[in-house]
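# Summary of structural features
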Amino acid sequence: MDKKLTEEANCHGEIEEFEDVVDKGFKELKNFEVLQDPPSDHRFINRNMQRYVRQIFSDTCSVGKRVFSESNFAKKIKTEWEILEATLPNSIMVRTYESRIDLMRACIVGLEGTPYCYGLFFFDIIFPNNYPAKPPELFYHAFGLELNPNLRKGGKVSLGLLNLSNWYQWLAQKELHWNPNKSDTLQVLLSIQNLILNQNPVLGGSQIDRERCLKGNKEIFMVSCESMLQTLRFPLSNFEVLIKGHFRKRAHSILSIYRAQMDSHSEKGMKELFFKLVKAFEANGAYCQHHYDKIEWSKEKETIF
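Residues numbered from 1 in each chain as written. Predicted model: local features only at pLDDT ≥ 70, side-chain atom pairs only at ≥ 80, totals over all residues. Heavy atoms only, no water.

### Re helix 4 (residues 72-87)
- Taking 1.5 Å of rise per residue, the 16 residues of helix 4 would be expected to cover 22 Å, and the 22 Å separating its terminal C-alpha atoms lies within 8% of that figure.
- Among the residues making up helix 4, those that are buried are Phe73, Ala74, Ile77, Glu80, Trp81 and Leu84. All buried residues of helix 4 lie within an arc of 125° about the axis, which places them on one face of the element. Exposed and facing more than 90 degrees away from the buried side of helix 4 are Asn72, Glu82 and Ala86. (Helix = DSSP H or I, 4+ residues; strand = E, 2+ residues; numbered from the N terminus. Expected span 1.5 Å × (residues − 1). Buried < 20%, exposed > 50% of the residue type's maximum accessible area, 1.4 Å probe, protein only. Arc of directions from axis to C-beta.)

### Quick look at the pattern of salt bridges
- Under the criterion given, the structure shown has ten salt bridges.
- We note a salt bridge from Arg95 to Glu33, for which the minimum N-O separation is 3.6 Å. Here the residue Arg95 occupies a position in strand 4 (residues 92-97), and Glu33 occupies one in strand 1 (residues 32-35), the gap between them amounting to 62 residues.
- Judged by relative accessible area, Glu33 falls into the partly exposed class, the value being 31%.
- With a closest N to O distance of 2.6 Å, Glu146 and Arg152 form a salt bridge.
- Taking relative accessible area as the criterion, Glu146 reaches 16% and is therefore assigned buried.
- Each of Asp41, Arg105 and Asp124 takes part in a single network of salt bridges with overlapping partners. (Salt bridge = Lys/Arg side-chain N within 4 Å of Asp/Glu carboxyl O.)

### A look at the packing of helix 8 (residues 217-233) against helix 10 (residues 270-283)
- Orientation of helix 8 relative to helix 10, taken along the N-to-C sense of each, is 30°, at an axis distance of 10 Å. For the element pair helix 8 and helix 10, the recorded crossing hand is left-handed. Note on element contacts: helix 10 touches helix 8 through Met270, Leu273, Lys276, Leu277, Ala280 and Phe281, opposite Lys218, Met222, Cys225, Glu226, Met228, Leu229 and Leu232. (Axes fitted to C-alpha atoms, helices over the stretch in contact; angles between N-to-C directions. Left-handed = near helix turned anticlockwise from the far one by under 90°. Contact = heavy atoms within 4.5 Å.)

### What about the packing of helix 9 (residues 240-264) against helix 10?
- One way to put it is that helix 9 packs onto helix 10 with a least axis distance of 11 Å and a crossing angle of 165°. Here helix 9 is positioned roughly antiparallel relative to helix 10, judged by the angle of their axes. Once helix 9 is placed against helix 10, the crossing between them reads as left-handed. Residues Phe247, Ala251, Ile254, Leu255, Tyr258, Arg259, Gln261 and Met262 of helix 9 lie in contact with helix 10, whose contacting residues are Met270, Lys271, Leu273, Phe274, Leu277, Val278 and Phe281.
- Classifying every residue of the contact of helix 9 with helix 10 gives twelve nonpolar, one polar and two charged. (Parallel < 35°, antiparallel > 145°, perpendicular 65-115°, else oblique. Nonpolar A, V, L, I, M, F, W, Y, C, P; charged D, E, K, R; others polar.)

### A closer look at the sheet that holds strand 6 (residues 120-126)
- Ordered by their spatial adjacency, five strands build an open sheet running 1-4-5-6-7, and the pairing between neighbours is mixed. The open sheet has two edge strands with one neighbour each: strand 1 and strand 7 (137-140). Across this sheet, the average inter-strand angle for adjacent strands is 20°, counted without regard to direction.
- Sheet topology note: the strand 6/strand 7 ladder contains four bridges and is antiparallel. Of the residues in strand 7, the one forming a bridge with Phe123 is Tyr140.
- Sheet contacts for helix 4: strand 1, strand 4 and strand 5 (103-109); angle to strand 1, the most-contacted strand, approximately 140°. (Pairing = 2+ DSSP bridges.)

### Description of the packing of aromatic side chains
- Counted by the stated rule, this structure contains nine aromatic pairs.
- Judged by centre distance (4.8 Å) and plane angle (70°), the rings of Phe127 and Tyr131 are edge-to-face.
- For Tyr131, a relative accessible area of 4% corresponds to the buried category.
- With a centroid separation of 5.2 Å and 85° between ring planes, the pair formed by Phe274 and Phe275 is classed as edge-to-face.
- On the basis of relative accessibility, which here comes to 0%, the residue Phe274 falls in the buried class.
- Aromatic ring contacts, followed pair by pair, group Phe221, Tyr258, Phe274 and Phe275 into a single cluster.
- Between the NZ or CZ atom of Arg259 and the centre of the ring of Phe274, over which it lies, the distance is 5.0 Å. (Phe/Tyr/Trp six-rings, centres within 6.5 Å; stacked < 30°, edge-to-face > 60°. Lys NZ or Arg CZ within 6 Å of the ring centre and 35° of its normal.)

### Things to note about the pairing of strand 5
- Here strand 5 lies mainly inside the structure; seven of its seven residues are buried.
- On strand 5, burial covers both faces: Leu103, Arg105, Cys107 and Val109 on one face and Met104, Ala106 and Ile108 on the other are all buried.
- Across five bridges, the pairing between strand 4 and strand 5 is antiparallel. Along strand 5, the bridge assignment pairs Arg95 with Arg105.

Structure representation (structure tokens):
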């Protein structure tokens, strides 16, 4: 994705819009927040329930009474909470849960200058009983879309950092594999953002998978836009305000970039997706009429919707 397109989109004349509850809530959002309970749509909500209770606490005895103290697992997780709260960039948001500290949900914003720019990418995370001896497990909410070989439509995340390294791998690529003494959740999230969601991703999977899934920047941007539509249609719990507020704020920039892509690649299907974005963004509260001709819009509505 040409960074100039992104910069031009940012300079596009924004229209002042009425601030409502969503806009106010969006401005008050925190990058890191501890909630009481995980949402029912969390991928791992039913995983490890019995083992989870045992791993949180370690038993000690005192004057015939049972006393519970925090386990090493709980201490490690809460230390990571502190790190995340203090160091998360503005483009990554994390929600954790008091009642299930083994679970997290994260949202990564696509960076400017990449074909993923302004997209929202969601991940559910579960930590194993012996964390950090083993890395966390991640599930990517793909909405059935094949974004790239590292983020599959079935939810699989391919990242070296999510694998334990053997001695030979450690010598060859020690920064790309899980190190129980150094690796943490922040490193995983930053690696996804910088190694996967960029113009030249560090590709995982087999050679056949890589060749089948690798797309040009235009195709990646279009799939990312399809993902935006699905995100607005099926917003994930804990991030509803983020989703609505983000796409109100970024609608103009996304459409400007898309229009520039459409002007240089007049391919079948591009205009249809453009107007689907327009309709979704306007339904979400963004003003988009300056991005299209009303006559053109009337004609497209008859064939698309």
